[in-house]
Amino acid sequence: MEIGIDDFGASVLDPQTDEVLHAQRSMAELLERIEQADRSGLHLFGMGEHHRKEFFDSSPVTILAAAASRTEQIKLSSAVTVLSAADPVRVFQSYATLDLISNGRAEMVVGRGSFVDAFPLFGLDLRNYDELFTEKLGLLLQIRNNERVTWSGKFRAALDDQPIYPRPTGKLPIWVGVGGTPASFARAGTLGLPLMVAVIGGETHRFRPLVDMYWAAAERAGHDLDTLEVGLHSLGYVAETTEQAANEFFPGYARQMTRIGKERGWAPITQGHFDAQRGKLGALVVGGPEEVAEKMLRHSKALGGVTRFSLQMGVADLTHAQQMEAIKLIGERVIPLVNA
């Protein structure tokens, strides 16, 4: 199993004024964490894409390109590219360039995004939410597979035998990031693309029917199932002990998720909710190295086997030092336990 980190580049906000504090330092620390992940033997680092004050990842490929020059082995991926609000030609060119800079370590996870901020920002109609993604994903795959492209659609100017450069070192990996929409699982399977499942709440095993739907769609479409993969993105944190991890993670997690929840009509996060989510069936992966490794394996089994596990720690206002130590623990203790 590949194990890595997903990060959204969380801004530090002043609790009184809600203004962003020391953005340059936060960016420098993010790049240090990617370097640490590479040194510690993690397999991948993914950057999200948001267009909000609390995250500074609106241009993830720029951050990943900076990280590429400071790392050697780790795969560098988006998590996710909000393809619905982007031009597939420019997206491909950007990640092909990243691939050249990183000597073939670039990947992409594309999706529709869990926030809709990009739609008004780029003048897009939310009523076309699914149609935009479907069309743009089709074009992106055509560009990946062909140096010269002839294409026409509804939301972008047509291409007539248009060459698209640069080309990456090989076939650029493109995963589809999904939440809980059945049609999204089926679409990924039909297209024969690897699947990244984001489970940020509830019980992970309840996503098994959707994952089975993915495999069934891929089989119906005639794809070689041995070439496909399923990955899992979960919120979590690793510390020396379970008690330490829970105590350090909960305050910031409750604060951040309650803030986001206000926009979506969710109830505030309580200690009881947090403890339930940390349980054996809950989605949160928070604990000491042994507990985290055990839960990763349990979640993998519950979904029928995953080949990639990405842990998102940046939703809990953890300090840079806490995250650096967690990355070390993942590399030195969690990964060996999981893959033993």
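Refer to the structure printed above.
Not measured: the values here are computed from a predicted model.

Criteria and cut-off values
- Each chain has its residues counted from 1, following the order in which its sequence is written.
- For this predicted model, a pLDDT threshold of at least 70 governs which residues receive local features, and a threshold of 80 or more governs which side-chain atom pairs are given and counted, while totals over whole chains, interfaces and linings are taken from all residues.
- Values reported for side chains reflect all heavy atoms of the structure, with hydrogen atoms and water molecules removed beforehand.
- Per the convention used, a helix needs a DSSP run of H or I reaching at least four residues, while a strand needs a run of E reaching at least two, with both numbered from the N terminus.
- This radius of gyration counts C-alpha atoms alone. The globule rule is 2.2 Å times how many residues there are, raised to the power 0.38.
- Whether a residue is buried, partly exposed or exposed follows from its accessible area with a 1.4 Å probe, protein chains only, as a fraction of its type maximum: under 20%, in between, or over 50%, in that order.
- Here, residues are in contact when the closest pair of their heavy atoms is within 4.5 Å.
- What sets the accessible areas is the Shrake-Rupley method with a 1.4 Å probe; for residues, cover comes only from the shown protein chains.
- Counting rule applied: Lys, Arg positive; Asp, Glu negative; His and chain ends not counted.
- By convention, charge coordinates are those of NZ in Lys, CZ in Arg, CG in Asp, or CD in Glu.
- Nitrogen and oxygen atoms within 3.5 Å of one another constitute a polar contact, given that in protein one can donate a hydrogen and the other can accept it, and given that sequence-neighbouring residues count only through two side-chain atoms.
- In this description, a line fitted to the C-alpha atoms serves as the axis of each element, helices being fitted only across the stretch in contact, and the angle between N-to-C directions of two axes falls anywhere from 0 to 180 degrees.
- Orientation labels follow simple angle bins: below 35 degrees gives roughly parallel, above 145 gives roughly antiparallel, 65 to 115 gives roughly perpendicular, and whatever is left gives oblique.
- Put simply, a crossing is left-handed when the front helix is turned counterclockwise from the back one by less than a right angle, and right-handed when it is turned clockwise.
- Any residue outside Ala, Val, Leu, Ile, Met, Phe, Trp, Tyr, Cys, Pro, Asp, Glu, Lys and Arg is labelled polar, Gly included; the first ten of those are nonpolar and the last four are charged.
- To get the bend at a residue, fit one axis to the 7 residues ending there and another to the 7 starting there, then take the angle between the axes.
- For two strands to pair, DSSP has to find at least two bridges joining them.
- For a crossover, the right-handed case is the one in which the path from the first strand over the helix to the second runs clockwise, viewed with the strands pointing away from the viewer.
- Each Phe, Tyr or Trp ring, with Trp reduced to its six-membered ring, pairs with another whose centre is within 6.5 Å; inter-plane angles below 30 degrees give stacked pairs, above 60 give edge-to-face pairs, and intermediate values give tilted ones.

Engineer: In this structure, what is going on with the overall build of the protein chain? I would like to understand it.
Structural biologist: Summing up its helical and strand segments, the protein chain has 11 helices and 14 strands in all. For 340 residues, the compact-globule formula gives about 20 Å, and the C-alpha radius of gyration of the protein chain, at 19 Å, lands near that figure. Along the three orthogonal principal directions, the C-alpha set of the protein chain runs to about 60 × 45 × 40 Å. Within the span of the protein chain, comprising 340 residues, buried residues form 53% of the whole. Restricting to contacts in the protein chain with at least 6 residues of sequence separation, those with at least 24 account for 71%. On the protein chain, roughly 14,600 Å² of surface is accessible, and the fraction owed to carbon and sulfur atoms is 52%. Separation of charge centres in the protein chain, based on 34 positive and 42 negative side chains, amounts to 3 Å.

Engineer: Help me understand the side chain of Arg308 in this model?
Structural biologist: If you trace the backbone, Arg308 turns up in strand S14 (residues 308-312). Side chain to side chain, Arg308 and Glu2 meet in a polar contact 2.8 Å long. Here Glu107 takes part through its side chain, which lies 2.9 Å from a polar atom of the side chain of Arg308. Not counting chain neighbours up to four residues away, the residues in contact with Arg308 comprise Met1, Glu2, Leu44, Lys75, Glu107, Trp175, Met196, Val230, Gly231 and Leu232.

Engineer: Teacher, can you tell me more about the packing of helix H1 (residues 23-39) against helix H2 (residues 60-68) here?
Structural biologist: For any two helices packed against each other, one specifies the crossing angle of their axes together with the interaxial distance. Axis separation between H1 and H2 bottoms out at 10 Å; the angle between their running directions is 55°. With respect to their mutual orientation, H1 and H2 come out oblique. By crossing handedness, the relation of H1 to H2 is classed as right-handed. Along its contact with H1, which presents Met27, Leu30, Leu31 and Ile34, the element H2 presents Ile63, Ala66 and Ala67. Split into classes, the residues belonging to the contact of H1 with H2 amount to 7 nonpolar, no polar and no charged.

Engineer: What should I look at first to understand helix H8 (residues 242-264) in this one?
Structural biologist: Since the α-helix packs 3.6 residues into each turn, any two residues three or four apart lie on the same face. Taking the largest bend as the criterion, H8 deviates by roughly 35°, centred on Phe250, and proline Pro251 comes between one and four positions later. Restricting attention to buried positions, one finds in H8 the residues Ala245, Ala246, Phe249, Phe250, Gly252, Tyr253, Ala254, Gln256, Met257, Thr258, Ile260 and Gly261. In this structure, the buried side of H8 is in contact with strand S12 (230-238), helix H9 (271-277) and strand S13 (285-287). Residue Gly265 follows H8 closely and has a positive phi angle near 80°.

Engineer: Quick question: what am I supposed to make of the pairing of strand S5 (residues 75-78) here?
Structural biologist: Residues in a regular strand project their side chains so that they alternate between the two faces of the sheet. Of the strand pairs in this sheet, strand S4 (residues 44-47) and S5 are connected by 4 bridges, and their pairing is parallel. Note on S5: the bridge partner recorded for Met47 is Ser78. For the crossover that starts at S4, traverses H2 and ends in the parallel S5, the hand is right-handed. Where S5 meets strand S7 (residues 106-111), 2 bridges bridge the pair, whose relative direction is parallel. Across the sheet, Leu76 pairs through a bridge with Ala106, a residue of S7.

Engineer: Is there a simple way to think about the pairing of S12 in this case?
Structural biologist: Within S12, 9 of the 9 residues are buried, which leaves the element mostly enclosed by the surrounding structure. Residue alternation in S12 divides its side chains into two sets, Val230, Leu232, Ser234, Gly236 and Val238 and Gly231, His233, Leu235 and Tyr237, and both sets are buried. By the bridge criterion, 5 bridges tie strand S11 (residues 195-199) to S12 in an arrangement that is parallel. Note on S12: the bridge partner recorded for Leu195 is Val230. Strand direction decides the pairing type here: S12 and S14, joined by 5 bridges, are parallel. The partner of Ser234 across the bridge, within S14, is Leu311. In terms of strand pairing, S12 meets S13 through 3 bridges, oriented parallel. What sits directly across from Val238, in S13, is Gly287.

Engineer: Help me out: how do you make sense of the packing of aromatic side chains in this one?
Structural biologist: The geometry of an aromatic ring pair is captured by two quantities: the separation of the ring centres and the angle between the planes. All chains considered together, the criterion is met by 8 aromatic pairs. Between the aromatic rings of Phe8 and Phe55, the centroid separation amounts to 5.6 Å while the plane-to-plane angle is 85°, which identifies the pairing as edge-to-face. Placement of the pair is Phe8 in the loop between strand S1 (2-7) and strand S2 (12-13) and Phe55 in the loop between S4 and H2, with a sequence separation of 47 residues. For the pair formed by Phe8 and Phe55, the shared burial category is buried. Ring centres 5.4 Å apart and planes at 25° place the aromatic pair Phe249 and Tyr253 in the stacked group. You can see Phe249 and its partner Tyr253 sitting in helix H8, 4 residues apart, about one turn around the helix. Of the two residues, Phe249 and Tyr253, neither departs from the other in class, the shared state being buried. What links up through ring pairs into an aromatic cluster is the set Tyr237, Phe249, Phe250, Tyr253 and Phe274.

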